[in-house]
Amino acid sequence: MSTIEEAEAVIKKFNGFEIGGRNLRVNFPEVPRLPNGRSSARSPSNNSGGFVDSPHKIYVGNLAWSVTSEALREVFSKNGNVLGAKVIQDRETGRSRGFGFVAFSSEAEVEAALSEMDGLEVEGRSVRVNVAKSRSTEGQSS
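Parameters at a glance
- Residues numbered from 1 in each chain as written.
- Predicted model: local features only at pLDDT ≥ 70, side-chain atom pairs only at ≥ 80, totals over all residues.
- Heavy atoms only, no water.
- Helix = DSSP H or I, 4+ residues; strand = E, 2+ residues; numbered from the N terminus.
- Buried < 20%, exposed > 50% of the residue type's maximum accessible area, 1.4 Å probe, protein only.
- Contact = heavy atoms within 4.5 Å.
- Areas by Shrake-Rupley, 256 points an atom, 1.4 Å probe, with all protein chains shown as cover.
- Phe/Tyr/Trp six-rings, centres within 6.5 Å; stacked < 30°, edge-to-face > 60°.
- Lys NZ or Arg CZ within 6 Å of the ring centre and 35° of its normal.
- Pairing = 2+ DSSP bridges.
- Axes fitted to C-alpha atoms, helices over the stretch in contact; angles between N-to-C directions.

Asks: How should the overall build of the chain be read in this particular structure?
Replies: Counting secondary structure elements, the chain contains three helices and eight strands. Reading the secondary structure of the chain in the N-to-C direction produces α-β-β-β-α-β-β-α-β-β-β. Among the 142 residues that make up the chain, the fraction classed as buried is 30%. Look at the contacts in the chain between residues 6 or more apart in sequence, and 53% of them connect residues 24 or more apart. Per element, the accessible surface of the chain, about 9700 Å² overall, is 49% carbon and sulfur.

Here it is in structure tokens:
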């Protein structure tokens, strides 16, 4: 495939196709790719709204459906250097799932966000802010 039109044709043909009792999900990547195949959101100097992961990350819950990743970034930027912000969307509908993540460059910025932002009203909803749990430790008991 060398054009968007060819990619769209493949998506149309194979998205929802069943193999071995499971439906395929074929779509464009959420994060645009650079010509060299790398993700454009992985560069810390990129301010295009892409999510840059960090060990200093918070979970933000009870978000209004209208909150975007960019709006989330703006709200939390007063607490420090926001490396990335992402509102999680439903794969099927593309609608917000009502929560997201914000990555900071330091633990001190995470602590500031936790103390200043938990319970704050954002677009009419009182948000919940917690330290984000790593997927690798989620579900494990200590």
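Asks: Can you walk me through the packing of aromatic side chains in this structure?
Replies: The description of an aromatic ring pair uses the distance of the two centres, along with the angle that the planes make with each other. Throughout the structure, instances matching the rule amount to four aromatic pairs. Where F14 meets F17, the ring centres are 6.1 Å apart and the plane angle is 75 degrees; that geometry is what we call edge-to-face. Relative to F101, the ring of Y59 has its centre 6.0 Å away and its plane inclined at 65 degrees; by these criteria the two rings are edge-to-face. Pair noted here: Y59 is in strand β3 (residues 56-61) and F101 is in strand β5 (residues 96-104), with a separation of 42 residues, a long-range link. Grouping aromatic residues by their ring pairs yields a cluster made of Y59, F99 and F101. The ring of W65 carries R95 above its face, with NZ or CZ at 4.1 Å from the centroid.

Asks: I would appreciate a short explanation of the side chain of E109 in the present structure.
Replies: Within the fold, E109 resides in helix α3 (residues 107-117). Leave out the neighbours within four places in its chain, and E109 touches N79, G80, N81 and F104.

Asks: It is not clear to me how α3 should be interpreted in this structure. Could you clarify?
Replies: In an α-helix, one turn spans 3.6 residues, which is why side chains three or four residues apart end up on the same side. Of all the residues in α3, the buried ones are E109, V110, A112, A113, L114 and M117. Contacts made by the buried residues of α3 are with β3, α2 (69-76), β5 and β8 (128-131). Two residues or fewer past α3, G119 is found with a positive phi of approximately 90 degrees.

Asks: Can you help me understand the pairing of strand β4 (residues 82-89) in this one?
Replies: Each regular strand carries side chains that alternate between the two faces of the sheet. Where β4 and β5 come together, six bridges link them in antiparallel fashion. Bridge pairing in β5 places K86 opposite F101. Between β4 and β5, which pair antiparallel one after the other, the connecting turn spans six residues, and G94 there sits at a positive phi close to 80 degrees.

Asks: Whenever I open this one, the sheet that holds β5 confuses me. Can you help?
Replies: Strand-to-strand pairing in sheets goes through backbone hydrogen bonds, with the strands running parallel or antiparallel. One open sheet accounts for four strands, arranged β4-β5-β3-β8; its pairing is antiparallel. Two strands lie at the open edges of the sheet, namely β4 and β8, each paired on one side alone. The average angle at which neighbouring strand axes cross in this sheet is 20 degrees, direction not considered. With respect to the sheet, α2 is in contact with β3, β4, β5 and β8, its orientation differing from that of β4 by roughly 140 degrees.

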